[in-house]
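Read off the chains here:
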Amino acid sequence: DSGVTQTPKHLITATGQRVTLRCSPRSGDLSVYWYQQSLDQGLQFLIQYYNGEERAKGNILERFSAQQFPDLHSELNLSSLELGDSALYFCASSVTPGAEAFFGQGTRLTVV
Amino acid sequence: AQSVTQLGSHVSVSEGALVLLRCNYSSSVPPYLFWYVQYPNQGLQLLLKYTSAATLVKGINGFEAEFKKSETSFHLTKPSAHMSDAAEYFCAVSPNNNDMRFGAGTRLTVKP
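Residues numbered from 1 in each chain as written. Chains lettered and ligands numbered in written order. Predicted model: local features only at pLDDT ≥ 70, side-chain atom pairs only at ≥ 80, totals over all residues. Heavy atoms only, no water.

Caption draft 1: Just the overall build of chain B, in detail. Each helix and strand in chain B was counted, giving zero helices and eleven strands. If you list the helices and strands of chain B from N to C, you get β-β-β-β-β-β-β-β-β-β-β. By the compact-globule yardstick of 13 Å for 112 residues, chain B fits well, its C-alpha radius of gyration being 13 Å. By principal-axis analysis of the C-alpha atoms, chain B measures approximately 40 × 25 × 20 Å. Going through the 112 residues of chain B one by one, you find that 45% of them count as buried. (Helix = DSSP H or I, 4+ residues; strand = E, 2+ residues; numbered from the N terminus. Rg over C-alpha atoms; globule rule 2.2 N^0.38 Å. Buried < 20%, exposed > 50% of the residue type's maximum accessible area, 1.4 Å probe, protein only.)

Shown next as structure tokens:
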């Protein structure tokens, strides 16, 4: 158990819909990362937060947004969903940016 | 841009044979480097990390990696493969102690 909790574990939704993925980092970790893993794109970095502030941005679509709350949990919002958004979404946390990251079990999103 | 390249998307070895998974990085500054392992339907788990201390880094499950600045490499090795080592392995770089970028991954198959 990495100490990083992601909910829900599985999500099935229709195209055009909006979903929210939630991540609780390990106790004491201030930095949260979001990654998307799909068969054709591999593990893609989406966005990183540190202590509530956006720290780095990767290949995150404009339809996606995220935030980190004062209690350090983070949410990833995916809107206007397309079939191609079906993937595993991972959250990871670390004490500081760039330190070893601990991963959650992921949320498997299926868009139908 | 800082990145890592993993040579070989699939590697197959016999049980008991040497495991060698290759990773080359590009970074204009000394990076932090990591190897992660992902078992089926699970999140990523840290195997080992290089943070500019010793160039030979020992990790969990008998794995080790050597940082070679002249070759910009951080290859992962294990002297004797076990069936339980079958998984996907990711090399990652954290330049400037900021976000973490992953390679495309190498799927290791271990034959009995």
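Caption draft 2: Broad picture of the nonpolar core. B:Trp35, B:Leu48, B:Phe74, B:Leu76 and B:Tyr89 are the most contacted members of the largest nonpolar core, which has 26 residues in total. Excluding its chain neighbours within four sequence positions, the residues that come into contact with B:Leu48 are B:Leu33, B:Phe34, B:Trp35, B:Val57, B:Lys58, B:Gly59, B:Phe63, B:Glu64, B:Ala65, B:Phe74 and B:Leu76. Within the second largest apolar cluster, 20 residues are counted, among which are A:Val4, A:Val19, A:Leu46 and A:Leu109. (Core = buried A, V, L, I, M, F, W, Y, C linked by side-chain atoms within 4.5 Å. Contact = heavy atoms within 4.5 Å.)

Caption draft 3: Region of the structure containing the sheet that holds strand 7 (residues 64-68) of chain A. Residues and elements named next belong to chain A. Reading across from one edge, 1-3-8-7 is the order of the four strands in this open sheet, with antiparallel pairing throughout. Since the sheet does not close on itself, it has two edges, and those belong to strand 1 (5-7) and strand 7, each with one partner. Averaged over all pairs of adjacent strands, the angle between their axes in this sheet comes to 15°, without regard to strand direction. For strand 3 (residues 19-24) and strand 8 (residues 74-78), the ladder comprises five bridges, and the chain directions are antiparallel. Bridge pairing in strand 8 places leucine 21 opposite leucine 76. (Pairing = 2+ DSSP bridges. Axes fitted to C-alpha atoms, helices over the stretch in contact; angles between N-to-C directions.)

No statement about biological role is implied by the geometric values presented.
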